[in-house]
Amino acid sequence: MGLGRKLLGGPDGHADDGSGGLIRRARLYEFFSAVGFGGFRRRVFDGLVALAGAQPGDEVLDIGCGTGYFSRRAARAVLPGGRVVGIDPSPPVIDYARRVAPLHCTFRLAGAEALPLHDASIDLVISSLAVHHIPPELRATALREAFRVLRPGGRLFIADFRPPRSRIANRLVGMLSGHAMQHNPIHELAGLISGAGFEITGSGDRRPLLHYVHATRP
Ligand SMILES: C[S@@+](CC[C@H](N)C(=O)[O-])C[C@H]1O[C@@H](n2cnc3c(N)ncnc32)[C@H](O)[C@@H]1O
């Protein structure tokens, strides 16, 4: 397990299943996230919001929202009239997200594999840096859940960690963050998404080390 996972997962947050597990140290995660993006976190996430195509009036779901930074940035783009709901199975990050979010941004304690939302109730599902935290055997179920809650014509945007290609940088990621990030099978993401019934509409890389896929529910 990497140093970061030990620090952020807390005594029982780490997973032995090849996933990143739960983030339990919310304030520390916020700090590492801000520092990790080298002062460009807002620019990176506003870029992701734009790529996701969040529109005024959209009902948005953020899967694996953690402390809610992506939710909060998306919440700005859906005004007037829109709302964002974030879900995460870790109580401390949901508590943190609730404390700092605007009123039209709410949070629920849940895993991506069992979303507490009605069928066809969402316009846009977003997710950042979270798929590699979902246990591998639940990822296909999680994407089918995203499909279920989206309206026909609804959109999916997932950005996740792309392991660096350089061997040295890759090893460094392993030491700092652990197996789940170092060996994240990012090339499987598009297949998982289309396997859940989505039509892929685009994909690409984003600095610093993100890969994204967007798709629609037919
Ligand atoms: C690295 S954080 C990303 C948080 C946030 N999206 C961001 O970009 O800062 C990954 C999150 O996935 C959550 N997670 C773990 N298992 C999950 C599951 N089964 N369903 C949804 N989220 C999960 C963790 O608790 C953690 O908050």
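Definitions and limits used
- Residues numbered from 1 in each chain as written.
- Predicted model: local features only at pLDDT ≥ 70, side-chain atom pairs only at ≥ 80, totals over all residues.
- Heavy atoms only, no water.
- Axes fitted to C-alpha atoms, helices over the stretch in contact; angles between N-to-C directions.
- Helix = DSSP H or I, 4+ residues; strand = E, 2+ residues; numbered from the N terminus.
- Parallel < 35°, antiparallel > 145°, perpendicular 65-115°, else oblique.
- Left-handed = near helix turned anticlockwise from the far one by under 90°.
- Contact = heavy atoms within 4.5 Å.
- Near = heavy atom within 4 Å.
- Polar contact = N/O pair within 3.5 Å; in protein donor to acceptor, adjacent residues only side chain to side chain.
- Areas by Shrake-Rupley, 256 points an atom, 1.4 Å probe, with all protein chains shown as cover.
- Nonpolar A, V, L, I, M, F, W, Y, C, P; charged D, E, K, R; others polar.
- Phe/Tyr/Trp six-rings, centres within 6.5 Å; stacked < 30°, edge-to-face > 60°.
- Buried < 20%, exposed > 50% of the residue type's maximum accessible area, 1.4 Å probe, protein only.
- Lys NZ or Arg CZ within 6 Å of the ring centre and 35° of its normal.
- Pairing = 2+ DSSP bridges.

So, on to the packing of helix 3 (residues 41–52) against helix 4 (residues 69–77). Direction vectors running N to C along helix 3 and helix 4 enclose 60°, while the axes themselves pass 9 Å from each other. Between helix 3 and helix 4, the interaxial angle falls into the category oblique. The handedness of the crossing between helix 3 and helix 4 comes out as right-handed. Residues R41, R42, F45, D46, L48 and V49 of helix 3 touch helix 4, and the partners they reach there are Y69, F70, R73, A74 and A77.

Around the ligand, a shell composed of 20 residues is seen, among which Y29, G64, D88, A112 and S128 lie nearest. At 2.9 Å, a backbone N or O of A112 approaches a nitrogen atom of the ligand. One of the side-chain nitrogen or oxygen atoms of S128 is found 2.6 Å away from an oxygen atom of the ligand. Protein coverage of the free-state accessible area of the ligand, which is 600 Å², stands at 97%. The class makeup of the residues in the shell around the ligand is 11 nonpolar, seven polar and two charged.

Right, let's talk about the packing of aromatic side chains for a bit. Enumeration according to the criterion identifies six aromatic pairs in this entry. Geometrically, the ring pair formed by F147 and F198 is edge-to-face, given 5.2 Å between the ring centres and 80° between the ring planes. Taken together, the residues span a long stretch of sequence, with F147 in helix 6 (residues 139–149) and F198 in the loop between helix 9 (189–195) and strand 6 (199–206) at a distance of 51 residues. Residue classification places F198 among the buried residues on the basis of a relative accessible area of 4%. For the ring pair F157 and Y212, a centre distance of 5.6 Å and an interplane angle of 25° mean the geometry is stacked. Taken together, the residues span a long stretch of sequence, with F157 in strand 5 (residues 150–161) and Y212 in strand 7 (residues 210–216) at a distance of 55 residues. Taken individually, F157 and Y212 each receive the classification buried, so the pair is uniform in this respect. Joined through ring pairs, the aromatic side chains of F37, F45, Y69 and F70 make up one cluster. Taking the ring centre of Y69 as reference, the NZ or CZ of R41 above it sits at 3.7 Å.

The strands making up a sheet associate through backbone hydrogen bonding, with each pair oriented either parallel or antiparallel. If you trace the seven strands from one edge of the open sheet to the other, you get 3-2-1-4-5-7-6, paired in mixed fashion. Looking at strand neighbours, the two that pair on one side only are strand 3 (105–109) and strand 6, the edges of this open sheet. Ignoring strand direction, the axes of neighbouring strands in this sheet form an average angle of 15°. Pairing geometry for strand 4 (residues 122–128) and strand 5, over six bridges, is parallel. Paired with L124 across the two strands is R155, which belongs to strand 5. Each of strand 4, strand 5, strand 6 and strand 7 touches helix 3; the most contacted strand, strand 5, lies at about 150° to it.

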